[in-house]
There are 6 protein chains.
Amino acid sequence: DFVNALHEITPAFGASTDDLERCRLRGIVDCGKAHKHIYQRAMLLVEQVKVSKGSPLVTCLLEGPAGSGKTAMAASVGIDSDFAYVKIISAETMIGFSESSKCAQICKVFEDAYKSQFSMIILDDIERLLEYVAIGPRFSNLISQTLLVLLKRVPPKGKNLLVVGTTSEVGFLESVGMCDVFSVTYHVPKLKKEDAKKVLHHLDVFDDGDLDAAAEALDDMPIKKLYTLVEMAAQGPTGGSAEAIYAGEKIDINHFFSILSDIIRY
Amino acid sequence: DFVNALHEITPAFGASTDDLERCRLRGIVDCGKAHKHIYQRAMLLVEQVKVSKGSPLVTCLLEGPAGSGKTAMAASVGIDSDFAYVKIISAETMIGFSESSKCAQICKVFEDAYKSQFSMIILDDIERLLEYVAIGPRFSNLISQTLLVLLKRVPPKGKNLLVVGTTSEVGFLESVGMCDVFSVTYHVPKLKKEDAKKVLHHLDVFDDGDLDAAAEALDDMPIKKLYTLVEMAAQGPTGGSAEAIYAGEKIDINHFFSILSDIIRY
Amino acid sequence: DFVNALHEITPAFGASTDDLERCRLRGIVDCGKAHKHIYQRAMLLVEQVKVSKGSPLVTCLLEGPAGSGKTAMAASVGIDSDFAYVKIISAETMIGFSESSKCAQICKVFEDAYKSQFSMIILDDIERLLEYVAIGPRFSNLISQTLLVLLKRVPPKGKNLLVVGTTSEVGFLESVGMCDVFSVTYHVPKLKKEDAKKVLHHLDVFDDGDLDAAAEALDDMPIKKLYTLVEMAAQGPTGGSAEAIYAGEKIDINHFFSILSDIIRY
Amino acid sequence: DFVNALHEITPAFGASTDDLERCRLRGIVDCGKAHKHIYQRAMLLVEQVKVSKGSPLVTCLLEGPAGSGKTAMAASVGIDSDFAYVKIISAETMIGFSESSKCAQICKVFEDAYKSQFSMIILDDIERLLEYVAIGPRFSNLISQTLLVLLKRVPPKGKNLLVVGTTSEVGFLESVGMCDVFSVTYHVPKLKKEDAKKVLHHLDVFDDGDLDAAAEALDDMPIKKLYTLVEMAAQGPTGGSAEAIYAGEKIDINHFFSILSDIIRY
Amino acid sequence: DFVNALHEITPAFGASTDDLERCRLRGIVDCGKAHKHIYQRAMLLVEQVKVSKGSPLVTCLLEGPAGSGKTAMAASVGIDSDFAYVKIISAETMIGFSESSKCAQICKVFEDAYKSQFSMIILDDIERLLEYVAIGPRFSNLISQTLLVLLKRVPPKGKNLLVVGTTSEVGFLESVGMCDVFSVTYHVPKLKKEDAKKVLHHLDVFDDGDLDAAAEALDDMPIKKLYTLVEMAAQGPTGGSAEAIYAGEKIDINHFFSILSDIIRY
Amino acid sequence: DFVNALHEITPAFGASTDDLERCRLRGIVDCGKAHKHIYQRAMLLVEQVKVSKGSPLVTCLLEGPAGSGKTAMAASVGIDSDFAYVKIISAETMIGFSESSKCAQICKVFEDAYKSQFSMIILDDIERLLEYVAIGPRFSNLISQTLLVLLKRVPPKGKNLLVVGTTSEVGFLESVGMCDVFSVTYHVPKLKKEDAKKVLHHLDVFDDGDLDAAAEALDDMPIKKLYTLVEMAAQGPTGGSAEAIYAGEKIDINHFFSILSDIIRY
Ligand SMILES: Nc1ncnc2c1ncn2[C@@H]1O[C@H](COP(=O)(O)OP(=O)(O)OP(=O)(O)O)[C@@H](O)[C@H]1O
Ligand SMILES: Nc1ncnc2c1ncn2[C@@H]1O[C@H](COP(=O)(O)OP(=O)(O)OP(=O)(O)O)[C@@H](O)[C@H]1O
Ligand SMILES: Nc1ncnc2c1ncn2[C@@H]1O[C@H](COP(=O)(O)OP(=O)(O)OP(=O)(O)O)[C@@H](O)[C@H]1O
Ligand SMILES: Nc1ncnc2c1ncn2[C@@H]1O[C@H](COP(=O)(O)OP(=O)(O)OP(=O)(O)O)[C@@H](O)[C@H]1O
Ligand SMILES: Nc1ncnc2c1ncn2[C@@H]1O[C@H](COP(=O)(O)OP(=O)(O)OP(=O)(O)O)[C@@H](O)[C@H]1O
Ligand SMILES: Nc1ncnc2c1ncn2[C@@H]1O[C@H](COP(=O)(O)OP(=O)(O)OP(=O)(O)O)[C@@H](O)[C@H]1O
Ligand SMILES: [Mg+2]
Ligand SMILES: [Mg+2]
Ligand SMILES: [Mg+2]
Ligand SMILES: [Mg+2]
Ligand SMILES: [Mg+2]
Ligand SMILES: [Mg+2]
């Protein structure tokens, strides 16, 4: 299955995967068909890069609502890619840097990638790399132009590169022409009722009798919100019950709904 | 009750609480159910941070009209949290600094927080930190991007962080995507008639016969305006009566209404 | 009455009042009930600052049309306040300075004020301090943010501060959120017919028979325009008559109306 | 009459009038009642400044269409004012300077003016001083704020100042609030038929029979365009006739109309 | 005729005409009445400058669609003017310079011109000098203000200056107020059928039988496009025929129409 | 035919063609009439430059949708031009440079080109050179003005230059006036069904029976997307089949349609 698939392939002569592992702190749990399909297609691109003759550059965009699991997916592909060079470019490590210094760092990663026969770069949260904000809208055109060029630039002879981008602002990326430069785009969705049930089942914090009601309430929710909710509910109405629940007790379904209403009020 | 609850828990190995105490100069008075409920839920998050395994970062936004008591609430949670590191980030201490220097100071606080096992950061008046003004609108995108990243960045292994933000411009925060990055948002409301009555009762500056009329007139008012009004009215129509009133005499209800009309004319 | 009231209270251990006196070069004349009421209420705030316990910071905005007497009023309150530190912050003394240097000067005044037990700061013509112009609109957000923070910042323990602002662009101040941070706002109006008559009577440059006609024509005029008009008319149609009029002769009412029509054509 | 009036008064202890004379290279010709009236009223202001007690600062704006004679008028008032200090501030002498350096130069002129008992400053073409352009619109807010403050700032004790501004963009000045700070505004109009006739008569380049037709065609034209037209027409259809016409011959009325149509086509 | 007229007058004591000649590489061909009329009127202005007393500055704008012959016309007037100083100011020689450095260069040319008794300056492609682009629109206000002032500034005593501007963006120039400062404006039009025929006749590359059809097809075309078209068509459908055609053979009318359709498709 | 045509002409004394060859990594395949026609017309311009007398500068714009083959076409013309100097100006080599440094590099290429008798410059992806982004829209006006001037500037005597531009944002170029400065513009279209069939036939990866269905599905697709699709489909549904297919096996038509639906979903 999906989870197994993810772990069947392990890096041969290993890129440092620490940064990548931090992107999936809760591990990888089977969360439905859609996620599985995208993972498989992305792994095909990994293979395509390896055998390619005509196209030394393959690019793929994972888009979807906030917290739907895009970064965890990209990191998993990176970990499982077996490439000598796998690097994540994220706004986290560039806080406070000037636009031009960010550009320089991004270019540096591409130049480094061009040194290995097979490389993969993750552009995580592209809207954040572009310093995007909806009001205006504002964003860094300098970084934007840099990415537009890098995503079209053919690597040197004999070098092959896979670029995977993630974004929760696909409309914005579309409007700056960034979607067009990706070879292919996949939509990473929120969880459906049955997907949520799979995850809850795995977590094992609800009575069997409550599982369906809980999953129903979580229909059309990003996986991240599901985890947040479960952890808040696990404290119990007056606090102090979390340890017990992680040790095997179950969450009170009424308290769970009370917390849920706090969260979805907005 | 709420006030008692606030004082049952006292800091164990004490973060400097001077700055926090300055945020609630008038102490904490019971001002109704809504405030109490939010305080309790916020204290659950404090606990969640302590027992958490999967989520080392918990974030919470307190939003509501100007003067509704958001900062006092956040400060109380900080004081009562028992955390080794509790810090308030406020525009007050950064007047005249450049955007990038403000960013650096904000990052510094987060880096410091990452050094304690359990930390809490209050982002007070986020719209002011962002130098927001409705005309334009204008704001600092540099600071905005910094916060967006910091509010998603996972602390280092073994460190746990609670971030509480306050704002009276939730619409603006929504439009820059800042609301989405908070795990949960609570609305700190104006006072209802019955809440105002509780506070007035506590202040004890009205004749019992006037109390209801006064509370009625204060329906749907932020707690801050209530205090302002009472203090202005206490001077009396020709001045000089404040000492007497603080010593036990009562405010002339007619003068109170006259002052009220000055204030609500706008 | 109003004028007497203004002079009953004189500074005890005197702030330098030179700058303040320059704000009311024509002295203070009784110009009607509205002005009187506002003056009295402002003097109550002076007293409130002196006896306050809970609110070490009191802020008040005087708004109204150009030339309605706001600055003269604020200066009078300052002169009559009996406070050790009274300072006017005005664009006049900061011509040509950069935004950040203006901010620094403004902060300096507040820091100085925090050193006295009782202080008063006049923020004169706030729209000018903010370099406001209606086209755009444009203004200094740096100064704007500085004022927004200073107007909320609690003075150090034991220090008390009254801030009085003036503006003829209350709509603009509203839209940058500057009105909300003032505790109370008063509207300083144009003169009504009967107010104008009081001032003209005091000036004594019209025949008694002409006084009513002149006052009627001046209905709904700011006090500043009234003075301008009278001085222009005093020159007479062919010049040379001003000395005589200041010595006791009267203004020709027809020439007065001719000058009036020059002025109100726009 | 108007022309005589202009020359009856000559400077007593003379400000350098070279710059001012360059503003009326074609001398001053009687061009109708409106111009005469404004000149007289402006001379009253000159007198008012001399006898004033209450108002040491008098300001006056001359506005009207391009080329209507505003600068020549202001220069004439300056020449005829008999003031020790008369200075014209014009964009001509500040080409290529930065905004802040322009501000400094403007302030310098005001500071210099404050040194004489009676001074006059001409702010010529205020829209050009403000670097105004209709697209946007754009203009220098720095210079704009500087003028707004200088036009309200009271000169030091015992010093008196008359400021005369000119502009052909009164709508723009209105919208930046610059009109309101002038005590009085006069509209310098285009020429009416009868005004044009007076000027043409003075120039004496048309046959008496053609004079009325020519004047009729020039109805509602700024005096500047009238001069341009006459000079172009004086060359004759094939060139070479100008000397003769300045020596007494007359302009061919048909050629005059042909040139006129070139000009008014736009 | 027009062409003869252009060559009857030759420079007496010669300004360097190299730059000017480069503006009319294809020589000057009779291209119809409109062009001829404008040339003649412009030469009258040259004369006016020489005999002028009252108006030492004469300014003229040539506007019209792209490629209509404006620059060639202005250059011809300059070459034929007989002035000691004739200079073309063009964006070509200022590529990559900053706005302020461009301003300095422009001012320098005016200062140099003021040194000769009779000078002429061509401001070529004013929209390009202003760095105009329709989107926004954007342009250099610094250069714009500089030109607005220079076009009104009276030269020093005894010096006389003719300024001829060209533009294909007269609407833009209008909107920045640049048209108003020119004394007179002429519209340099596209070619009419009969004008085109004159030029084709002169070029002699069509069979007499084809001339009318070709001219008809070229109705309402700028002279520049006419030359482009003829030169493209001269290559023949498969290339190689140009030499022959320049040596006397004729262009295949069908190929000519085929090329024409390529060009007017856009 | 087209392909043969492309290879009949080879450089005589060779410009470095490495950069140009990188623009057509997949070689040149016959992809229909439209492409062929444009190639031939462009080669006529090459010839025109060689024989030209009157027009030492010829400019041509290739516009069309993303991936339609514009750059490959321009590179082919450059390779086949037989010119001593052929240079491609592309954003790729200027990542991270400032606007003014980009301008300098562009100017340098033009200056270098002016040194050879016959030169060709390719301005590749003009919108990228201009740092264009649709939001705003934003772009570099500095570079824009530089190109507008360079595209009109006549080379020095005896030097001849062909400039070929490419763009997929012809609307934007139109709106900045960049289209007008090109002598002629050609539209490089997407593939029609029959064009796609030609390319697929050449690639030989489909069973003859599937060829029509595949071509039909590829109607109205840019050639670049066609290659991307074929390469993705060649991996097979579970990966691993690419080698075999490049060695002669055929692509499974169902898998091909599955991949196609991934791509056109957006
Ligand atoms: N398949 C999975 N199994 C278990 N946990 C998952 C899975 N996918 C995502 N998560 C967890 O859900 C949370 C959100 O995932 P992730 O950060 O990848 O989402 P995202 O779409 O990148 O969010 P954002 O839009 O905020 O960047 C993370 O804590 C991640 O570890
Ligand atoms: N529960 C309470 N008991 C007593 N006083 C309170 C309470 N809550 C708030 N106050 C007082 O009311 C005033 C306003 O509270 P606070 O500053 O917390 O409001 P706020 O919502 O943060 O306002 P702002 O929107 O201006 O930031 C303060 O003086 C505070 O001390
Ligand atoms: N009560 C008064 N008695 C006599 N003169 C007064 C009085 N009030 C104002 N004035 C005079 O009227 C003029 C305008 O007053 P002031 O400058 O205070 O008005 P303002 O509202 O501040 O105007 P602005 O909107 O331009 O700042 C001043 O010359 C002032 O001295
Ligand atoms: N009364 C007059 N007699 C003779 N010539 C005059 C008179 N008034 C103006 N002129 C001439 O008319 C021309 C235009 O006048 P002036 O420059 O004063 O107009 P303006 O309104 O300032 O124009 P602009 O709007 O361009 O600044 C000048 O040459 C000036 O000398
Ligand atoms: N009368 C003429 N006889 C021959 N050639 C001419 C004539 N007028 C213009 N040309 C030629 O036509 C071309 C376009 O002319 P020119 O550059 O003057 O036009 P323009 O209106 O300035 O164009 P643009 O709007 O592009 O600046 C030039 O090659 C020029 O030499
Ligand atoms: N005639 C052709 N034969 C074979 N391959 C071609 C042909 N034309 C284009 N290609 C290939 O198609 C792909 C896209 O072509 P190219 O880069 O020239 O398109 P473009 O229109 O410049 O795209 P963009 O709009 O992205 O700049 C390239 O890989 C190129 O090698
Ligand atoms: Mg993510
Ligand atoms: Mg607060
Ligand atoms: Mg004032
Ligand atoms: Mg003028
Ligand atoms: Mg031209
Ligand atoms: Mg391309």
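Rules used throughout
- Residues numbered from 1 in each chain as written.
- Chains lettered and ligands numbered in written order.
- Predicted model: local features only at pLDDT ≥ 70, side-chain atom pairs only at ≥ 80, totals over all residues.
- Heavy atoms only, no water.
- Buried < 20%, exposed > 50% of the residue type's maximum accessible area, 1.4 Å probe, protein only.
- Helix = DSSP H or I, 4+ residues; strand = E, 2+ residues; numbered from the N terminus.
- Arc of directions from axis to C-beta.
- Contact = heavy atoms within 4.5 Å.
- Near = heavy atom within 4 Å.
- Polar contact = N/O pair within 3.5 Å; in protein donor to acceptor, adjacent residues only side chain to side chain.
- Nonpolar A, V, L, I, M, F, W, Y, C, P; charged D, E, K, R; others polar.
- Domains from an automatic or database assignment.
- Buried area = accessible area lost by both parts, 1.4 Å probe.
- Salt bridge = Lys/Arg side-chain N within 4 Å of Asp/Glu carboxyl O.
- Areas by Shrake-Rupley, 256 points an atom, 1.4 Å probe, with all protein chains shown as cover.
- Pairing = 2+ DSSP bridges.
- Axes fitted to C-alpha atoms, helices over the stretch in contact; angles between N-to-C directions.
- Least-squares fit on C-alpha atoms with pLDDT ≥ 70 in both.

1. Structural notes on helix α10 (residues 208–217) of chain D
All names here are of chain D. For α10, every residue scored as buried is listed here: Asp-210, Leu-211, Ala-214 and Ala-215. Considered in projection along α10, the buried side chains sweep an arc of 135° and stay on one side of the axis. On its buried face, α10 is in contact with α9 (193–203) and α13 (253–264).

2. Notes on the site of ligand 6
Residues in close proximity to ligand 6 total 19 residues, the closest being F:Arg26, F:Val29, F:Lys70, F:Thr71 and F:Ala72. Taken together, the residues near ligand 6 originate from chains A and F. In this structure, an oxygen atom belonging to ligand 6 sits 2.7 Å away from a side-chain N or O atom of F:Thr71. Residue F:Ala72 places a main-chain N or O atom 2.7 Å away from an oxygen atom belonging to ligand 6. Mapped onto the shell around ligand 6, the elements with two or more residues apiece are α4 (70–80) and α11 (223–233) of chain F. Of the residues contributing to the shell around ligand 6, the split by class is eight nonpolar, five polar and six charged. For the shell around ligand 6, the two domains that each supply at least three residues are domain 1 (2–187) and domain 2 (193–264) of chain F.

3. Focus: the environment of B:Tyr39
On the secondary structure map, B:Tyr39 appears in helix α3 (residues 33–51). A distance of 2.6 Å separates a polar atom in the side chain of B:Tyr39 from a polar atom in the side chain of B:Asp80.

4. Things to note about the interface of chain A and chain B
Taken together, the 34 residues of chain A in the interface contact 35 residues of chain B. Summing both sides of the interface, chain A and chain B together bury roughly 2900 Å²; the carbon and sulfur share of this comes to 55%. Across the chain A-chain B interface, the total number found is two salt bridges. Salt-bridge contacts for A:Asp125 lead to B:Lys152; the nearest nitrogen and oxygen are separated by 2.8 Å. The tally of links between chain A and chain B comes to twelve residue pairs in polar contact (both at pLDDT 80 or more). When residues of the side of chain A that touches chain B are traced back to their parent elements, those giving at least two are α11 (223–233), α12 (242–246) and α13 (253–264) of chain A. Residues of the side of chain A that touches chain B, tallied by class, amount to 13 nonpolar, eight polar and 13 charged.

5. Considering the domain arrangement of chain A
How big an interface is tends to be stated in terms of the accessible area lost upon association of its parts. All names here are of chain A. Domains assigned within chain A are domain 1 (2–187) and domain 2 (193–264). On a C-alpha basis, the centroid separation for the pair domain 1 and domain 2 is 32 Å. In this complex, domain 1 contributes ten residues to the contact, which on the side of domain 2 involves nine residues. Between domain 1 and domain 2 the total buried area reaches about 830 Å² when both faces are included, carbon and sulfur atoms providing 62% of it. Counting the contacts that link domain 1 with domain 2 gives one salt bridge. Taking the shortest distance from any N to any O, the salt bridge between Arg-26 and Glu-231 comes out at 3.2 Å. Our count for the contact surface shared by domain 1 and domain 2 stands at three residue pairs in polar contact (both at pLDDT 80 or more).

6. Let's talk about the site of ligand 3
Taken together, the neighbourhood of ligand 3 is formed by 19 residues, with C:Arg26, C:Val29, C:Lys70, C:Thr71 and C:Ala72 sitting nearest. At the site occupied by ligand 3, nearby residues are drawn from chains C and D. Contacts to ligand 3 include C:Gly67, whose backbone N or O atom sits 3.0 Å from an oxygen atom. Taking D:Lys152, its side chain carries an N or O atom lying 2.9 Å from an oxygen atom of ligand 3. Notes on ligand 3: free accessible area 620 Å², of which the protein chains cover 91%. Residues of the shell around ligand 3, tallied by class, amount to eight nonpolar, five polar and six charged.

7. Things to note about the interface of chain D and chain E
Listed as interface residues are 34 residues of chain D and, on the opposing side, 35 residues of chain E. Of the roughly 2900 Å² buried where chain D meets chain E, counting both sides, 55% is carbon and sulfur surface. Across the contact surface, chain D and chain E share two salt bridges. Our count for the chain D to chain E interface comes out at twelve residue pairs in polar contact (both at pLDDT 80 or more). Residue assignment for the side of chain D that touches chain E shows that the elements contributing at least two residues are α11 (223–233), α12 (242–246) and α13 of chain D. Of the residues belonging to the side of chain D that touches chain E, the class tally is 13 nonpolar, eight polar and 13 charged.

8. A closer look at the sheet that holds strand β3 (residues 118–123) of chain D
Residues and elements named next belong to chain D. The sheet built from five strands is open, its strands ordered β2-β3-β4-β1-β5 with parallel pairing. Bordering the open sheet on either side are β2 (85–89) and β5 (184–187), each of which pairs with just one other strand. Taking each pair of neighbouring strands and ignoring which way they run, the sheet shows an average axis angle of 15°. Judged from the seven bridges that link them, strand β1 (residues 57–63) and strand β4 (residues 160–167) form a sheet pairing that is parallel. Looking across to β4, one finds that Thr-59 is bridged to Val-163.

9. Notes on the relation of the copies chain A and chain B
Laying chain A over chain B is done by rotating through 60° and shifting 0.0 Å along the axis; what remains is an RMSD of 0.0 Å. Considering both components of the superposition, the chain copies are consistent with a six-fold axis. Of every C-alpha in chain A, the one belonging to A:Gly136 sits nearest the axis of rotation, 8.7 Å from it. Of all interface residues in chain A, a mere 3% are interface residues in chain B too; the two copies therefore contact each other through different surfaces.

10. Concerning the relation of the copies chain D and chain E
Relating one copy of the chain to the other takes a rotation about an axis and a shift parallel to that axis. Of the transformation placing chain D onto chain E, the axial shift is 0.0 Å and the rotation is 60°, giving an RMSD of 0.0 Å. Both copies present different contact surfaces, since only 3% of the interface residues of chain D are interface residues in chain E too.

11. Observations regarding the sheet that holds strand β3 (residues 118–123) of chain F
Note on sheets: strands pair through backbone hydrogen bonds, and any given pair is parallel or antiparallel. All names here are of chain F. Spatially, the five strands line up as an open sheet ordered β2-β3-β4-β1-β5, and their pairing is parallel. Looking at the sheet topology across the chains shown, the edges are occupied by β2 (85–89) and β5 (184–187). Sheet twist, expressed as the average angle between the axes of neighbouring strands with direction ignored, equals 15°. Alignment of β2 against β3, held across five bridges, turns out to be parallel. Its bridge partner being in β3, Ile-89 is matched across the sheet by Leu-123.

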